[in-house]
Amino acid sequence: MDQYLKVVFPTRRHVWIDGAPAGWTNKVCQVETGHHVVTLSPTHPNFQPEQFDLLVTGTRPDAPLILEFTRKDAGT
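The chain goes by PEGA domain-containing protein in an unreviewed UniProt entry, where it is assigned to Halomonas flagellata.

Strands sit in the order E3-E2-E5-E7 across an open sheet of four strands; the sheet is antiparallel. At either end of the open sheet lies a strand with only one pairing partner, and these are strand E3 (20–24) and strand E7 (52–56). Adjacent strand axes in the sheet meet at a mean angle of 40° when their direction is disregarded.

Topologically, Asp2 is positioned in strand E1 (residues 2–8). For Asp2, a relative accessible area of 33% translates into the label partly exposed. In this structure, Asp2 is in contact with Gln30, Val31 and Glu32, ignoring residues within four places of it in sequence. Here Gln30 takes part through its side chain, which lies 2.8 Å from a polar atom of the side chain of Asp2.

Let's shift gears to the packing of aromatic side chains. Inspection of the entire model under this criterion finds two aromatic pairs. Measuring from ring centre to ring centre gives 5.5 Å for Phe47 and Phe69, while their planes differ by 90°; the resulting arrangement is edge-to-face. Linking Phe47 in strand E6 (residues 47–48) with Phe69 in the loop between strand E8 (65–68) and strand E9 (70–71), this pair joins segments that are 22 residues apart in sequence. As far as burial versus exposure is concerned, Phe47 and Phe69 are alike and both buried. Taking the centre distance of 5.0 Å and the plane angle of 80° together, the rings of Phe52 and Phe69 count as edge-to-face. Note that Phe52 is positioned in strand E7 and Phe69 in the loop between E8 and E9, a separation of 17 residues in sequence. Owing to a relative accessible area of 1%, Phe69 belongs among the buried residues under this scheme. Aromatic rings pair up to connect Phe47, Phe52 and Phe69 into one cluster. Geometry around Trp24 places Arg12 over its ring, the cationic atom sitting 3.6 Å from the centre.

The rules we used
Residues numbered from 1 in each chain as written. Predicted model: local features only at pLDDT ≥ 70, side-chain atom pairs only at ≥ 80, totals over all residues. Heavy atoms only, no water. Pairing = 2+ DSSP bridges. Helix = DSSP H or I, 4+ residues; strand = E, 2+ residues; numbered from the N terminus. Axes fitted to C-alpha atoms, helices over the stretch in contact; angles between N-to-C directions. Buried < 20%, exposed > 50% of the residue type's maximum accessible area, 1.4 Å probe, protein only. Contact = heavy atoms within 4.5 Å. Polar contact = N/O pair within 3.5 Å; in protein donor to acceptor, adjacent residues only side chain to side chain. Phe/Tyr/Trp six-rings, centres within 6.5 Å; stacked < 30°, edge-to-face > 60°. Lys NZ or Arg CZ within 6 Å of the ring centre and 35° of its normal.

Set out below in structure tokens:
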């Protein structure tokens, strides 16, 4: 069954799901029901958390799971 998630970040970045590019930040992505590892493109690792490791279930296109990455502080 299809599930939906939206990865939020201040700028446009590739979203990686299960180790492969799967979409863009701030857009709804479609995934299969189940366990997924979600992160941003490793090219510029200026974000936190490093990844989300979670079960995706019970979502709809108009009610996606929201995952929010934030920028790391310049001093970290």
